[in-house]
Amino acid sequence: MAEKELINRNASPSAYGWAFQVGAGIKLMLDNVLRFTSLKLEGKDDDIEISLPEGKIYAQAKSVFQMGDQSSAGEKLKDALKTLSDDVTKDNNAFKLIYITNILNPFSSSKKKNPYYQSYDTSYDYSTLLPKDKEKIKKLVGEDFPVEQFQVHVVRFFGEGKNKFDGIKEQIKTFARDALGDTSYSDLLLDKWCTLFLANAADVPTEKLSFDLDKKHALAPVIVLAINNPAPIDEFQKVCNYDDYEEVAENYKSLINQRAEEYDFSTALLGDYTSQKNQIPTFQESSSFKYKYVSEHWKDYEGYFSEIDNAEKREAVVKLTLLTIIIRAAKLQKVKRVTNL
Amino acid sequence: MRILEFKFQHKLSYSEKCVINKDSQVHVFYSTTNSTGKTTLMRAILYSLGFNIPDTELVKFGNYEFNLKLSVKEKIFNIYRQGALMKVNDIEYDLPAEEFAVRALLFNTSNYDLLNNILGAIYFDQEKGWTLLNRGNIIGINRFKIENFLRGLNDDTSDESYKLDAEIKALDKKIAQYNLMLDVAEYQAEVNQNVNHDLSYNTFDEELENDLIPIRQQLKIVENELSLINDVIRNNKNFINFIEQKKIFVLSQDGSPIRVTRHNLFNYEMISDSNEARKSLLIAERNLLKNRIAKIEAMREKQLTLDTLPSVEAQLVQRLASMKSIGAIEVKAILDGLKKEREKLSNSLLQMTKHNNVWIDEVCKTISKYVLELNIPQKYKIDLFTHNLKSKTGAILHKLVFIYKLAYIKALSKKLGYPLPIFCDSPNGREVERSTVDQMLTILKRDFSEHQLIIASIYNYKNIFASANIITLNGKLFDQDNLFDYMKKNNKLEE
C-alpha cells in the first residue's frame, strides 16, 4: 500500500525525488547495516543522514526522471556539494560525505558519453575520480572541504512504480538472503520500508517529508518479516500428521502469534527447549532437535490451548505454535547477528 | 400641432444645444452616415412630449434637460423635461404617474384610447415602425391596436366594450399561463421518459465512497491487530514489573546472588524487540490508511460543495418528475378552449368596434386612395383588422404601413381638430426604392402640408422639400462638452 502511495505520488517531480531519496536511504543504510545507529531523511534539502559510532554520513540524493538525462548534472552536483559543505561546516566530525544520484555521469551536463562513467550501481571514491572532475569539485567547494571523505554513488533508479527500485532491490535481495535466509522477502521488505518511512514522514507537509528513525525502528520491517508467518508446511509435517496445515496456519494465526508474543509462554518454551538443546553433543542432532522436542513435549503446553475442543486440531495447533516460536527465535538471532541489532 | 423650438443640455455640460430654433414645415435630421444621433434626436423630441421612450445605447435621456416649445391650436406650451420631472408652462408633472394627464393637456383630448394610440399613429420608428400596420409594439412599452384606436375615434367608452376589452386581456394572460404549462407538461413527460431514474448525479462521489470501503476494512483489521499486540505488550510489561518488584535473585556460577531484571531475563529483549517492531509497522500502516481515508474524505467534501448546484438542479428535476404529472393533452384542450373563447370575445369586440363607426369608412377611404396611387397590387385585400402580415412582402408592407398610418393621422387629426406632426424615421429603409420613397414623400407634401413633418434620414430630400430646415448631424450632438470647448466657442480662451 505504501508502494501504491509512492506510485501515486510520482505524478510530481518532488514525489519522484522523495522516492529516490528513500531508495538511496535504504541503500546507504544497508551499506552500513552493522554499524549504523539511526537513519534520517530530510526531503526539503535532499538530505540523508546516517549515524555511526564514529561519526555521521551525510548524503545528498539528487535524481532525474529520464535515463540519459544529463542536462541538470552540473547544477545538481553544485547544489549537492554546497549542502555537503554546509554539513561539514556544522559538523567537523563527519565520517563520510556522499553524493548519490541516478545521473550516469554526475560531473558533466554534456550528452557525450564518458567511457569512465559507464555503469550504474557503482561508487567512486574521490581519489579514483578523473583529474578534471577532481578539479571541478575543488572549484565548487571551499579549501577546507575534506575531499578524502567524499564519495559519489551512481544508482539505477528509473521507470514506473516499483520498477524504479530495481537497482536497489538487488542489494535488498542480498540482505534478505543474509538476514532472513530467503531472497523472496525482498519485495515485501521494500514495501514495508516504504510504508514505515512514508508513515513516519507523512505528518509534516508533503513538500518537506522527513523522518528520523533509530536503528530498531528502521529495521523493524526485517524483524516483522522474520516473525511474519507460522512455521512452513514442510517443517510442520515433521512433527504432526494433521492433514490440513492451511486450516491450522490460517485460522489460528492470531492465536499462534499471541502465544509467541507472550513473554511467559514463549520463555517457558524457549528456556526449556534451549537448555535441553545445549546438552546435545553433536551438531547434526541439535539441528533436528526441535522436531524431537515438539513431538515429545507438546503435551506440556496443551493447557494453554484448552479453548480448542477438537483434540486432534488442538494437538496440531500446539505443535505448530511450538515449532513456530522455536524457528522464529532462530530467525531473530540471525537478524540480530547480521544487523548487529 | 407644431414644434417651434427644441433645445437640450447635458446635466454636466456647460452649454445648451439648440436643435430647432425656428418654425418650419419640414425638419430633416440629416447625416450621410449612420450612428450620428438622428434617431436619438427624434426620440428625444418624443421623450420631451412626455412619452415613455427608452434610452438608446449611448444616450441616457435622464442625463439631459430638454426644452421644447410647442404650439397647439394657437396655444403655446413651454415644456421642460428632466427624467421623471416634466413642466408644462411651469406646472410640474411627475412621470410616468401623470403621463396621461400631460398627454391629455398637450394633445387636447381626454379620450383614453386615443391617448394610448397616438404615438403609434404619428411615429414611424426606424426599427419596428415600418412593419407595424395595425397592431403591435411601437417602441418600449408603447403599443398600438387598431380596434382600440377606432373605438377611441368613435368615442366609444361604453361599459360593454370596456368589459370585453378587459376580458380579452384576462384571457390573454391565461393563455400565456397555459402556454407555459404546456411547456412544463411536455418537459415533464420528457423527464419521466429519460429518467426513470437512471440519471445519476453523484457518480464521482459514489466512486470515492467505493474507494473508501476496502480501505476502511483494512483499517479495521490493522487496528484490531494493533489492539491485540498492545494487550500482549502490556501483559508482558506487567509480568516483568511484577518479577522485578519481587526482587528475585538467582545464583551465579561463583555463588553470588544476581538480581533478576528485564535485562538479564532470558528471551525478554528478543520478545520485546519483535513485539515493538510489529507494533511500529502496524502503526505505520494504520497512519497511512487513515491518511488515505482523510484525503478521500477531503476530496468528497470538496466534491460535495461543487455538487451543491447540480444537486439542487437534480432535486428540482426529480421533484418535477415525481410531481403528479400535468397531462399535455389536458393542458392543450384547456388552451384550445381559452383560445376559442378569446376569439369569440375578439369578434364581439370587433363587431362592437365596427358598429356605427363612421371612422372605419373614413380610414378605409383614405387607404383605398393611396393604395391605388402607390400601385399596391389588387390581390392585396385591404383589411383594416388583419392579423396576417406574413403574406405581405417587404416593399409592399412598407408602403402599406405608410398608407395605413397616413389614414390614421388623417382621421386622428380630424378628430382632434388640428394637424398632428408626423415623425418619420428612415423612410428609405429595407428594400424600398428611392423613387418609391420620393413618391411617398410627395404625397406628404401634397396632402399633408398642414402637418409638421420631421424626418430622419441619410438623404436631405431637398428635391422634394426645397424649403426644409435641414439639421446636419456630425455625431457629437449628445456629447457633453467640456469647459475648454465652451470657452473656445465663446472666445473666452486667451490665445
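Residues numbered from 1 in each chain as written. Chains lettered and ligands numbered in written order. Predicted model: local features only at pLDDT ≥ 70, side-chain atom pairs only at ≥ 80, totals over all residues. Heavy atoms only, no water.

Visitor: I would appreciate a short explanation of the overall build of chain A in the present structure.
Guide: Secondary structure summary: chain A contains 14 helices and seven strands in total. Residues classed as buried in chain A amount to 55% of the 341 residues present. Contacts in chain A between residues at least 24 apart in sequence constitute 69% of all its contacts with a sequence separation of at least 6. (Helix = DSSP H or I, 4+ residues; strand = E, 2+ residues; numbered from the N terminus. Buried < 20%, exposed > 50% of the residue type's maximum accessible area, 1.4 Å probe, protein only. Contact = heavy atoms within 4.5 Å.)

Visitor: How do you make sense of the overall build of chain B when you look at a structure like this?
Guide: On a plain count of helices and strands, chain B comes out with twelve helices and 15 strands. Expressed as a percentage of the 495 residues in chain B, the buried residues total 45%. Within chain B, contacts between residues separated by at least 24 positions form 70% of all contacts whose residues are at least 6 apart in sequence. Approximately 26,800 Å² of chain B is accessible, and the part contributed by carbon and sulfur atoms is 51%. (Areas by Shrake-Rupley, 256 points an atom, 1.4 Å probe, with all protein chains shown as cover.)

Visitor: Hey, could you run me through the interface of chain B and chain A in this one?
Guide: Interface extent is often summarised as the accessible area lost during association of the parts. Each side of the interface is counted separately: chain B has 29 residues, and chain A has 34 residues. For the pair chain B and chain A, the summed buried surface comes to about 2,700 Å²; carbon and sulfur atoms form 68% of the total. It is B:Met270, B:Leu281 and B:Leu288 that lose the most area in chain B upon contact with chain A, and together they represent 23% of the buried surface on that side. The interface formed by chain B and chain A includes four salt bridges. A salt bridge links B:Glu285 to A:Lys192; the nearest nitrogen and oxygen atoms lie 3.8 Å apart. The interface formed by chain B and chain A contains nine residue pairs in polar contact (both at pLDDT 80 or more). Only α6 (203-246) and α7 (268-322) of chain B provide two or more residues apiece to the side of chain B that touches chain A. With 19 residues, the top contributor of residues to the side of chain B that touches chain A is α7(B). (Buried area = accessible area lost by both parts, 1.4 Å probe. Salt bridge = Lys/Arg side-chain N within 4 Å of Asp/Glu carboxyl O. Polar contact = N/O pair within 3.5 Å; in protein donor to acceptor, adjacent residues only side chain to side chain.)

Visitor: I'm lost on the packing of aromatic side chains in this one. Help?
Guide: The geometry of an aromatic ring pair comes down to the distance between the two centres and the angle between the two planes. Inspection of every chain in the model, using the stated rule, returns 40 aromatic pairs over all chains. Their ring planes at 50° and their centres at 6.1 Å tell us that A:Phe289 and A:Tyr293 sit as a pair that is tilted. You can see A:Phe289 and its partner A:Tyr293 sitting in helix α13 (residues 283-297), four residues apart, about one turn around the helix. Residues A:Phe289 and A:Tyr293 agree in their burial class; the two are buried. Grouping aromatic residues by their ring pairs yields a cluster made of B:Phe6, B:Phe8, B:Tyr47, B:Phe61, B:Tyr64, B:Phe66 and B:Phe478. Seen from the ring of B:Phe100, B:Arg103 lies directly overhead, with NZ or CZ sitting 5.0 Å from the centre. Between the NZ or CZ atom of B:Lys405 and the centre of the ring of B:Phe124, over which it lies, the distance is 4.9 Å. (Phe/Tyr/Trp six-rings, centres within 6.5 Å; stacked < 30°, edge-to-face > 60°. Lys NZ or Arg CZ within 6 Å of the ring centre and 35° of its normal.)

Visitor: Can you walk me through the packing of helix α4 (residues 146-153) of chain B against helix α10 (residues 394-416) of chain B in this structure?
Guide: A pair of packed helices can be characterised by two numbers: the angle between their axes and the separation between those axes. All names here are of chain B. Between α4 and α10, whose axes approach to 10 Å, the crossing angle comes to 30°. Comparing the axis directions of α4 and α10 gives the class roughly parallel. Like other packed secondary-structure pairs, α4 and α10 cross with a definite hand, here left-handed. Residue-level contacts link Ile146, Phe149, Gly152 and Leu153 of α4 to Tyr408, Ala411, Leu412 and Lys415 of α10. Looking at the contact of α4 with α10, its residues break down into six nonpolar, one polar and one charged. (Axes fitted to C-alpha atoms, helices over the stretch in contact; angles between N-to-C directions. Parallel < 35°, antiparallel > 145°, perpendicular 65-115°, else oblique. Left-handed = near helix turned anticlockwise from the far one by under 90°. Nonpolar A, V, L, I, M, F, W, Y, C, P; charged D, E, K, R; others polar.)

Visitor: Looking at this model, I keep getting lost on the confidence of the model for chain B. Mind explaining?
Guide: Detailed conclusions should not be drawn from predicted coordinates in areas where pLDDT is low. Residue and element names in this part refer to chain B. In this model, chain B carries an average pLDDT of 84, and 90% of its residues clear a pLDDT of 70 or more. A low-confidence stretch, residues 197-201 stays under pLDDT 50, and its non-local contacts, those more than four residues away or across chains, total five contacts. The complex prediction reports pTM at 0.55, with the ipTM value standing at 0.86. (pLDDT = per-residue confidence, 0-100.)

Visitor: Whenever I open this one, the pairing of strand β1 (residues 38-42) of chain A confuses me. Can you help?
Guide: One face of the sheet, then the other: side chains in a regular strand alternate in exactly this way. Residue and element names in this part refer to chain A. By the bridge criterion, five bridges tie β1 to strand β2 (residues 47-52) in an arrangement that is antiparallel. Bridge pairing links Ser38 to Ser51 in β2. What sits between the antiparallel neighbours β1 and β2 is a turn of four residues, in which Asp46 has the positive phi angle 55°. With five bridges joining them, β1 and strand β7 (residues 210-214) adopt antiparallel strand pairing. Across the sheet, residue Glu42 finds its bridge partner in β7, namely Ser210. (Pairing = 2+ DSSP bridges.)

Visitor: I tried to follow the sheet that holds strand β5 (residues 75-82) of chain B on my own but got confused; where do I start?
Guide: Strand-to-strand pairing in sheets goes through backbone hydrogen bonds, with the strands running parallel or antiparallel. Residue and element names in this part refer to chain B. Read from one edge of the open sheet, six strands run β2-β1-β4-β5-β6-β7, paired in antiparallel fashion. Sheet topology places β2 (17-20) and β7 (91-94) at the edges, where each strand pairs with a single neighbour. Averaged over all pairs of adjacent strands, the angle between strand axes in this sheet comes to 20°, irrespective of strand direction. Packed on one face of the sheet, helix α1 (residues 38-48) meets β1 (2-10), β2, β4 (64-72), β5 and β6 (85-88) and runs near 105° to β1. Relative to the sheet, helix α2 (residues 99-107) contacts β4, β5, β6 and β7, its axis offset from that of β6 by approximately 25°.

Visitor: Sorry, what's going on with a negative patch on the surface here?
Guide: Residue and element names in this part refer to chain A. A grouping of Asp243, Asp244, Glu246, Glu250 and Glu312 is seen on the molecular surface, where their side chains present a negatively charged patch. Secondary-structure assignment places Asp243 in the loop between α9 (233-236) and α10 (245-251). You can call Asp243 exposed: its relative accessible area is 73%. (Patch = residues over 30% accessible without salt bridge, like charges linked within 9 Å, V, L, I, M, F, W, Y side chains within 5 Å. Lys, Arg positive; Asp, Glu negative; His and termini not counted. Charge placed at Lys NZ, Arg CZ, Asp CG, Glu CD.)

Visitor: It is not clear to me how the packing of helix α5 (residues 166-180) of chain A against helix α6 (residues 186-201) of chain A should be interpreted in this structure. Could you clarify?
Guide: Residues and elements named next belong to chain A. Orientation of α5 relative to α6, taken along the N-to-C sense of each, is 110°, at an axis distance of 9 Å. Classed by the angle they form, the pair α5 and α6 counts as roughly perpendicular. Contacts from Lys169, Ile172, Lys173, Phe175 and Ala176 in α5 reach Ser186, Asp187, Leu189, Leu190 and Trp193 in α6. The residue inventory of the contact of α5 with α6, partitioned by class, reads six nonpolar, one polar and three charged.

Visitor: What exactly am I supposed to notice about a nonpolar patch on the surface here?
Guide: Side chains of B:Ile248, B:Val250 and B:Ile258 sit close together on the surface and give an oily, nonpolar patch of about 220 Å² of accessible area. Take B:Ile248: its relative accessible area is 36%, and that puts it in the partly exposed class.

Visitor: Sorry if this is basic, but what is going on with the sheet that holds strand β15 (residues 469-472) of chain B here?
Guide: With respect to topology, five strands assemble into an open sheet ordered β8-β13-β14-β3-β15 (chain B), the strand pairing being parallel. Sheet topology places β8 (123-124) and β15 of chain B at the edges, where each strand pairs with a single neighbour.

Visitor: Looking at this structure, how should I read the nonpolar core?
Guide: Taken as a class, soluble globular proteins show a tendency for nonpolar side chains to be buried jointly. Among the nonpolar cores identified, the biggest contains 103 residues, and B:Phe6, B:Phe29, B:Leu70, B:Leu106 and B:Phe423 are the most heavily contacted of them. No other element matches α10(B), which puts 14 residues into this core. Residues contacting B:Leu106, with those up to four places away along its chain left out, are B:Met1, B:Leu49, B:Leu70, B:Val72, B:Phe77, B:Ile79, B:Met86, B:Val88 and B:Tyr418. Judged by nonpolar contacts, the second largest core, of 87 residues, contains A:Tyr16, A:Ala19, A:Leu41 and A:Ile223. (Core = buried A, V, L, I, M, F, W, Y, C linked by side-chain atoms within 4.5 Å.)

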